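What follows is each chain in one-letter form.
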Amino acid sequence: PVHVEFSLHLPNLARRDGDTLRIPANRFPIRNHFGWKPYLSAPWTDQYARAAERVHDVILPAPWSHHTILEVTLPDGYAIAALPADVDIDKPYAAIRIRYARRGAGYRVDKWIAGKATRVAAAEYEDFREFCITLDKAEREEIELQRSK
């Protein structure tokens with residue numbers, strides 16, 4: 001396994017919404033010469049489960065896993081209104097586990113995603129598509145920050 005540790009200062013990560021700030025809960029956008037992108041890769045639904053129904057099996061890449069721990073320090077004067085719900089889904093073809101915890105002046109996210117199979121049978125497609133939609137929704141979660149009193 002590869003282990004990478006780094007620290008970032010992202011002053012424009014939050015999106016202002018009235019008196020609150022909203023920040024991505026478990027991912028950070030990247031910037032390239034075309035502008036900000038919300039994901040490092042396309043959402044699962046777009047990649048593997050666009051159609052409502054499937055006649056043929058879905059072919060997936062080789063099995064893989066990705067484990068990320070994010071520790072976020074909030075801007076001065078802000079506090080977390082609420083953390084998103086934890087996610088824990090384990091299917092024969094893929095799994096996702098996301099745990100949120102308050103930590104000092106911020107929060108910590110422990111996120112593990114794994115592709116476990118190279119093929120999803122057409123008969124399992126509806127369940128697979130629901131998994132993809134749920135995973136994409138979990139990736140879009142935001143945390144609302146309110147001014148500290």
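Residues numbered from 1 in each chain as written. Predicted model: local features only at pLDDT ≥ 70, side-chain atom pairs only at ≥ 80, totals over all residues. Heavy atoms only, no water.

Caption draft 1: Highlighting helix 2 (residues 125–139). Taking 1.5 Å per residue as the helical rise, helix 2 with its 15 residues ought to reach 21 Å, and the 21 Å between its terminal C-alpha atoms agrees with that figure. Turning to helix 2, its buried residues number three or more, namely Tyr 125, Phe 128, Phe 131, Cys 132, Leu 135, Asp 136, Ala 138 and Glu 139. Along the axis of helix 2, the buried positions cluster into a sector of 160°, meaning they face one direction only. Every exposed residue of helix 2 that faces more than 90 degrees away from the buried side is listed here: Glu 126 and Lys 137. (Helix = DSSP H or I, 4+ residues; strand = E, 2+ residues; numbered from the N terminus. Expected span 1.5 Å × (residues − 1). Buried < 20%, exposed > 50% of the residue type's maximum accessible area, 1.4 Å probe, protein only. Arc of directions from axis to C-beta.)

Caption draft 2: Layout of the sheet that holds strand 10 (residues 106–115). In spatial order, the strands read 6-10-9-8; together these four strands make up an open sheet with antiparallel pairing. Lying at the two open borders of the sheet, with one neighbouring strand each, are strand 6 (64–73) and strand 8 (87–90). Adjacent strand axes in the sheet meet at a mean angle of 10°, parallel and antiparallel pairs treated alike. Relative to strand 9 (residues 94–103), strand 8 runs antiparallel, the two sharing four bridges. The residue bridging Asp 88 from the neighbouring strand is Arg 97, located in strand 9. Contacts from helix 2 reach strand 8, strand 9 and strand 10, with the element oriented near 25° to strand 9. (Pairing = 2+ DSSP bridges. Axes fitted to C-alpha atoms, helices over the stretch in contact; angles between N-to-C directions. Contact = heavy atoms within 4.5 Å.)

Caption draft 3: Focus on the sheet that holds strand 12 (residues 142–147). Read from one edge to the other, the open sheet built from four strands follows the order 1-2-12-7, with strand pairing classed as antiparallel. Of all the strands in the sheet, the pair left with one neighbour each is strand 1 (15–17) and strand 7 (78–82). Strand-to-strand twist of the sheet, defined as the mean angle between neighbouring strand axes without regard to direction, takes the value 40°. Bridge count between strand 2 (residues 20–24) and strand 12: four bridges; the pairing is antiparallel. Looking at strand 12, one finds that Leu 21 is bridged to Leu 145.

Caption draft 4: Up close: the nonpolar core. With 32 residues, the main nonpolar core has Trp 44, Ile 96, Tyr 107, Phe 128 and Leu 145 as its most contacted residues. Considering every element that reaches this core, the biggest residue donor is helix 2, with six residues. Those residues in contact with Trp 44 that lie beyond four places of it in its chain are Ala 49, Trp 64, Ala 94, Ile 113, Phe 128, Phe 131, Cys 132, Leu 135 and Asp 136. (Core = buried A, V, L, I, M, F, W, Y, C linked by side-chain atoms within 4.5 Å.)

Caption draft 5: The pattern of salt bridges, seen in detail. Under the counting rule described, the total for this entry stands at nine salt bridges. In this structure, Asp 17 engages Arg 22 in a salt bridge whose closest nitrogen and oxygen atoms are separated by 3.0 Å. Looking at Asp 17, the relative accessible area reads 35%, which means it is partly exposed. Beyond isolated ion pairs, a larger network of salt bridges with shared partners links Asp 17, Arg 22 and Glu 144. (Salt bridge = Lys/Arg side-chain N within 4 Å of Asp/Glu carboxyl O.)

Caption draft 6: How the structure looks around the side chain of Asp 136. You can see Asp 136 is positioned in helix 2. Look at Asp 136: it is buried, it has no salt bridge, and the nearest opposite charge is Arg 140 at 5.0 Å. Within the structure, Asp 136 has its side chain in polar contact with the side chain of Thr 45 (distance 2.6 Å). (Lys, Arg positive; Asp, Glu negative; His and termini not counted. Polar contact = N/O pair within 3.5 Å; in protein donor to acceptor, adjacent residues only side chain to side chain.)

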